[in-house]
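Here's the letter readout for the chains.
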Amino acid sequence: MANVEKDEVSGQHTTGHEWDGIKELNSPLPSWWVWVFYATIIWAIAYWIVYPSIPFGTGYFDGLTDWNAREVHEKQMAKIAQHKEQTWLAQFREASVQKIAKDDELRQYAMKGGEVIFGDNCAPCHGTGGAGNPGFPTLVDDAWIWGGSLKQIKQTVTHGIRNSDAQSRASQMPAFGWMSEKKQNAIAEYVAGLAKGNAPDGAGKKAFETNCATCHGPDGGGMTQMGGPPLNDRIWLCPGRGTCVPEISAKQHVLRQIQNPKHGNMPAWGNRLSDAEIKQVTVWVHAQGGGQ
Amino acid sequence: MSLVNHHAKLEKNAILLMVAIFITVIIGGLVEIMPLFTIKSTIEPVGNVRPYSPLELSGRNIYVREGCYLCHSQMIRPFRSERERYGHYSLAAESMYGHPFQWGSKRTGPDLARVGGKYSDEWHVAHLKDPQSVVPESVMPGYSHLADTRLDYGNIQEHLETLNVVGMPNPKEGVDTMYSQTMVEKAKADLENQARGNNAKGIRSRYPKAVMGDFDGKPKTITEMDAMVAYLQMLGTLVDFTSWEKGLNKTEKQEKLWR
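The structure contained in this document is the topic of the report that follows. Nothing here was measured: the structure is a model prediction, and the numbers come from that model. (Residues numbered from 1 in each chain as written. Chains lettered and ligands numbered in written order. Predicted model: local features only at pLDDT ≥ 70, side-chain atom pairs only at ≥ 80, totals over all residues. Heavy atoms only, no water.)

## Quick look at the overall build of chain A
As a reminder of what qualifies: Secondary structure elements follow DSSP: runs of H or I of four or more residues count as helices, runs of E of two or more count as strands, with numbering from the N terminus. The atom set for the radius of gyration is the C-alpha atoms, and the globule formula is 2.2 Å times the number of residues raised to the power 0.38. We call a residue buried when its accessible area falls under 20% of the maximum for its residue type, exposed when it is over 50%, and partly exposed in between, using a 1.4 Å probe and counting protein chains only. When checking whether two residues touch, look at their non-hydrogen atoms; a contact exists if any pair is within 4.5 Å.
Within chain A, the secondary structure is distributed over 10 helices and four strands. Tracing chain A from N to C terminus, the helices and strands come up as β-β-α-β-β-α-α-α-α-α-α-α-α-α. Taken over the C-alpha trace, chain A has a radius of gyration of 35 Å; the compact-globule value for 292 residues is 19 Å, which it surpasses by more than 25%. In terms of principal-axis extent, the alpha carbons of chain A reach across some 115 × 55 × 45 Å. The buried share of chain A, taken over its 292 residues, is 37%. A separation threshold of at least 6 residues defines the contact pool for chain A, and within that pool the share at least 24 residues apart is 49%.

Okay, structure coming up:
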C-alpha cells in the first residue's frame, strides 16, 4: 500500500488515497457498532433454531417452538371468543332480539357492535348511518317496505330480498305495460296525488283498487307481507332497472315503475354474519328512528 | 493473503462485481423460492377450488388491465381485525388458478378476496360506473366505460389453451391441465351463456357456483361490465370452510401439513 502514513492529529493511519491533497483516514469502526453487528448474526442463528426455517425435500425444520402463524391466530381468536362468551355472547344467543332491545346491558353490546357491522357491510348500499342512496332505501325513516319490527328486520337481514336464499323475500311487482296509456296515466295521476295527499277520485282510483291494492294496500298505505312500499308518502325507491333519475315528477316516477318495475335486490346475510351479529345489527337498525 | 485484499479485487473490477452479485442473488432466490415448489404444505389441499369460467377470466383480465390491484388486495391475513371484517383468512389454494395472482399489497380500498355475494349486481354496476353515487366519501375512480364497451372475447379459446401451458392440474375434470378439452371447446358458448343467464346447469357442471347474468341490465350486449361483475361475484365463494376446518383437524393429526 502506497503512501500510508500516520496522521499526527488523530493518531490514525491514512488509507493511502489522496484527492487534491485531501487524505482519507482509515479509522476503525466504533466498537459498539461492531458488537451490534455480531449480535445481529447471533440473533439470526438463534432465530433459525427457534422458528421454522431450513427447508429440506418436502418439509422443513419446524424450529424448537413449532411456531405457526395460523395457530397463533386461532388461539387468539379462541381466547377472544371465550371472553365474549362469558361477558355477553352466551346471553345473546339465548335471548330473542326483542329481549336484547329491552335489556339495558345487552342493548349496549348490540348498539356498539351493530354500528361497526353496519359500517362494514350495509353502509355501501344503505349509506352512512343508513341514510339511504338512490335505489337503496333509507333505514332511518318509518316508511318500511318489508316491515320495521325487530322480527321483520331480522328476517329481511338474515335471508335478504329477491336472491337465491330459500327463504328470501320474493314478491315482485309485475309490469303493467299492457294497460292502455289512458289508464296508466289515470293511475299515475292518482298515485302522484296520494303522495301529495290530494288524490283525485275517478277512473284512476278505481283502477288502482283493482290492480294495485293487493300489494300496496287499499289506501296506498303499503303492505309489508307483499313488499309493496307505501305510496302515500313522497319517499321513492328508484324505479326503472339500471337507471336512477331522482329528479323526475312523482307521476313520471309511477309511470316508470308501472312499465318497467324495479326488483330491488339485497344479499342474504345469514351465511356471512353470525346469528349474534345479525341480532346486533338488527337492534341497531331498529333504533335509528324508524323502528316499530 | 487476507480476505480484505480479495474484497478489494471485487470492488475494483466492475464485471467481476456484477458476476458476484448475480451469483449471490441466485443463491438467495434458490433458497427462498425453490423450497416452495417442493414443500408439501405450500398449497394445502382444499376442495371446490376451480379454474375461472371464461367470463370470469375475461373480467379478471380487465381487473388487471384497469389496475384495480393498485388499490385493492385479495389476501386476507390471519389477523383478528381482518377476519372480523373480511371473513376467513385466504388460503394459498384459493389463488392456485390465478395467473398472475392478485394478492396485492396496497389497500386504499377494502380487501376484495371475499367480496363475492356481498353486494348485488345492481350495486356493483352503480358503484363501478360512479362510486360516489353510492359511497359519497369514496376516493375510487369511476369506470363507466366498462358499461359502454363490448367485451372482446374473440380469442377466449386460445386464452384457455395458453393457460393450459401453465400446467396447474384440474383433478375435478380429471386432467393435468387447467381446462379440459370440453371446456376449451365450449369456452365461447359458456362465456355468452353465463353473461346472458342461459344454460346455468351446463355452466355450473363445468364451473360450480358460477354466478349467472345478466349482470349489467343489458341482456343483449355482453359488455366488459358483465365480465367484471361476474368475476367480482365469485371472489372467495368457492371454498366451503366448514368442511375445510374438519379436514384440517384430521390431516393435522396425520401429518403436519399445515405448517
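After that view of the structure, there is still more to cover.
## Examining the interface of chain A and chain B
Note the threshold: Buried area: the accessible area, evaluated with a 1.4 Å probe, that two parts lose upon being put together, summed over both parts. Salt-bridge detection follows one rule: a side-chain nitrogen of Lys or Arg within 4 Å of a carboxyl oxygen of Asp or Glu. All amino acids are sorted into three groups, where Ala, Val, Leu, Ile, Met, Phe, Trp, Tyr, Cys and Pro are nonpolar, Asp, Glu, Lys and Arg are charged, and the leftover types, Gly among them, are polar.
If you look at the interface, chain A gives 31 residues, while chain B gives 38 residues. Between chain A and chain B, the buried area comes to about 3,000 Å², and carbon and sulfur atoms account for 46% of it. On the chain A side of the interface with chain B, the three residues burying the most area are Arg70, His73 and Arg272 of chain A, jointly 20% of the side's total. Our count for the chain A to chain B interface comes out at three salt bridges. As a salt-bridge pair, Asp120 of chain A and Arg85 of chain B come within 3.7 Å of each other at their nearest N and O atoms. For the side of chain A that touches chain B, the element with the most residues is helix α2 (residues 69–94) of chain A, which contributes eight residues. Across the side of chain A that touches chain B, the residue classes tally to 10 nonpolar, 11 polar and 10 charged.

Keep in mind these values describe shape, not function.
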